[in-house]
Amino acid sequence: MFSVKREKKENSMVVLKFIIWVAVAYFIGNISPSILLGKAMGVDIKKEGSGNAGTTNALRVLGKKAALITLVIDIAKGVLAVWLGFRFGNDTIGMVCALAVFCGHIWPCFYNFKGGKGVATAFGAILAINWVLALVLLLIVAIGLLLTRRMSAGSLLGAVTFPLCCWFFEPEFIYVGSVMAVIVIIKHRANIMRLIKGEEPKMF
């Protein structure tokens, strides 16, 4: 009887940890450096450029320094959320935290559920899970960017190939990773149409 009660208590603690750290990861994802920097500069980034609260639009609207700060913070919050999930939860919680911080960035409740496209935050989360997988993904994105000079093309190439990369380097993450990849593709649907029409702006 005591063992049954202890097992129930342990299961309850696992569920509680899951809820707490996944929620924490989501709210970490809500931190939007591009929106905050834009406000400090008197600009509403959600109404300028592409209207996206991410690094690429920060570069176009706010400049290189703001874009770099945005990129670093967006990656860092992905790393932090997953690290907390692993450190205070378990492997499953850590991996789900990757999805939670990613979704928090894309659909932040603090900003009317209008955020960025999640690529930098996803990279940070993946970096905390498996740095080799993250570097392979970065290489793929870089190849796409260099060949097309369009960040959206690099991001889409990374998303399309990501489940296969997970299968090789981190099989346990393939289900969560596949969901993240699909979301990235969906969030880039306007970019896909512009790429097809040859209207997508070049970065350099």
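Refer to the structure presented above.
First, a word on scope: everything that follows refers to the structure included in this document. Just so it is clear, the model here is predicted, and its values are computed rather than measured. (Residues numbered from 1 in each chain as written. Predicted model: local features only at pLDDT ≥ 70, side-chain atom pairs only at ≥ 80, totals over all residues. Heavy atoms only, no water.)

**Details of unusual backbone geometry**
Thought 1: A positive phi angle, close to 60°, is found at Phe 113, a residue other than glycine.
Thought 2: Along the chain, Phe 113 falls in the loop between helix 5 (91-106) and helix 6 (119-129).
Thought 3: Even without a glycine there, the phi angle at Arg 149 is positive, about 65°.
Thought 4: Within the element layout of this structure, Arg 149 appears in the loop between helix 7 (131-148) and helix 8 (151-169).
Thought 5: Classification of Arg 149 by relative accessible area gives partly exposed; the value is 34%. (Helix = DSSP H or I, 4+ residues; strand = E, 2+ residues; numbered from the N terminus. Buried < 20%, exposed > 50% of the residue type's maximum accessible area, 1.4 Å probe, protein only.)

**Notes on a nonpolar patch on the surface**
Thought 1: On the surface, Leu 127, Trp 131, Val 132, Leu 135, Leu 138, Leu 164, Trp 167, Phe 168 and Phe 169 cluster together to form a nonpolar patch covering roughly 910 Å² of accessible area.
Thought 2: Secondary-structure elements contributing two or more residues to the nonpolar patch are helix 7 and helix 8.
Thought 3: Relative to the helices and strands, Val 132 resides in helix 7. (Patch = residues over 30% accessible without salt bridge, like charges linked within 9 Å, V, L, I, M, F, W, Y side chains within 5 Å. Areas by Shrake-Rupley, 256 points an atom, 1.4 Å probe, with all protein chains shown as cover. Salt bridge = Lys/Arg side-chain N within 4 Å of Asp/Glu carboxyl O.)

**Description of the layout of surface pockets**
Thought 1: Quantified by volume, the largest pocket comes out at close to 930 Å³.
Thought 2: Lining of the largest pocket is provided by 45 residues; of these, Thr 56, Val 119, Ala 120, Met 151 and Ser 155 occupy positions nearest its centre.
Thought 3: Breaking the lining of the largest pocket down by element, the ones donating at least two residues are helix 3 (55-62), helix 4 (64-88), helix 5, helix 6, helix 7, helix 8, helix 9 (174-187) and helix 10 (189-197).
Thought 4: A breakdown of the residues in the lining of the largest pocket according to their chemical character gives 24 nonpolar, 15 polar and 6 charged.
Thought 5: What the second largest pocket holds in volume is close to 280 Å³. (1 Å grid on protein atoms, 1.4 Å probe; cavity = no way out; pocket = protein on both sides within 12 Å on 5 of 7 lines; lining within 4 Å. Points joined across faces, edges and corners; volume = space filled by probe spheres on them. Nonpolar A, V, L, I, M, F, W, Y, C, P; charged D, E, K, R; others polar.)

**A few points about the packing of aromatic side chains**
Thought 1: Evaluated as defined, the whole model comprises 6 aromatic pairs.
Thought 2: On the basis of an interplanar angle of 15° and a centroid distance of 5.1 Å, the ring pair of Trp 21 and Phe 88 is categorised as stacked. Note that Trp 21 is positioned in helix 1 (residues 2-29) and Phe 88 in helix 4, a separation of 67 residues in sequence.
Thought 3: Among the residues examined, Phe 88 registers a relative accessible area of 35% and is labelled partly exposed.
Thought 4: Between the aromatic rings of Trp 167 and Phe 168, the centroid separation amounts to 5.0 Å while the plane-to-plane angle is 80°, which identifies the pairing as edge-to-face. Neither Trp 167 nor Phe 168 differs from the other in exposure class; each is exposed.
Thought 5: Note that Arg 87 overlies the ring of Phe 88, its terminal NZ or CZ placed 5.0 Å from the centroid. (Phe/Tyr/Trp six-rings, centres within 6.5 Å; stacked < 30°, edge-to-face > 60°. Lys NZ or Arg CZ within 6 Å of the ring centre and 35° of its normal.)

**Remarks on the state of the cysteines**
Thought 1: Under the defined criterion, the tally for this structure stands at 0 disulfides.
Thought 2: A disulfide-free cysteine, Cys 97 has its sulfur positioned 12 Å from the sulfur of Cys 103, the nearest such atom.
Thought 3: Residue Cys 97 is classed as buried on the basis of its relative accessible area of 0%.
Thought 4: Of all cysteine sulfurs in the structure, the one in Cys 165 sits closest to Cys 166, which takes part in no disulfide; the separation is 7.1 Å. (Disulfide = S-S within 2.5 Å.)

**Concerning empty space enclosed by the protein**
Thought 1: Counting across every chain of the model gives 1 cavity of 30 Å³ or more.
Thought 2: In this structure, the largest cavity occupies an estimated 30 Å³ of space.
Thought 3: Lining the largest cavity, in full, are Gly 29, Asn 30, Ile 31, Ser 32, Ala 53, Lys 77, His 105, Pro 108, Gly 115 and Gly 116.
Thought 4: Taken together, the residues of the lining of the largest cavity sort by class into 3 nonpolar, 6 polar and 1 charged.

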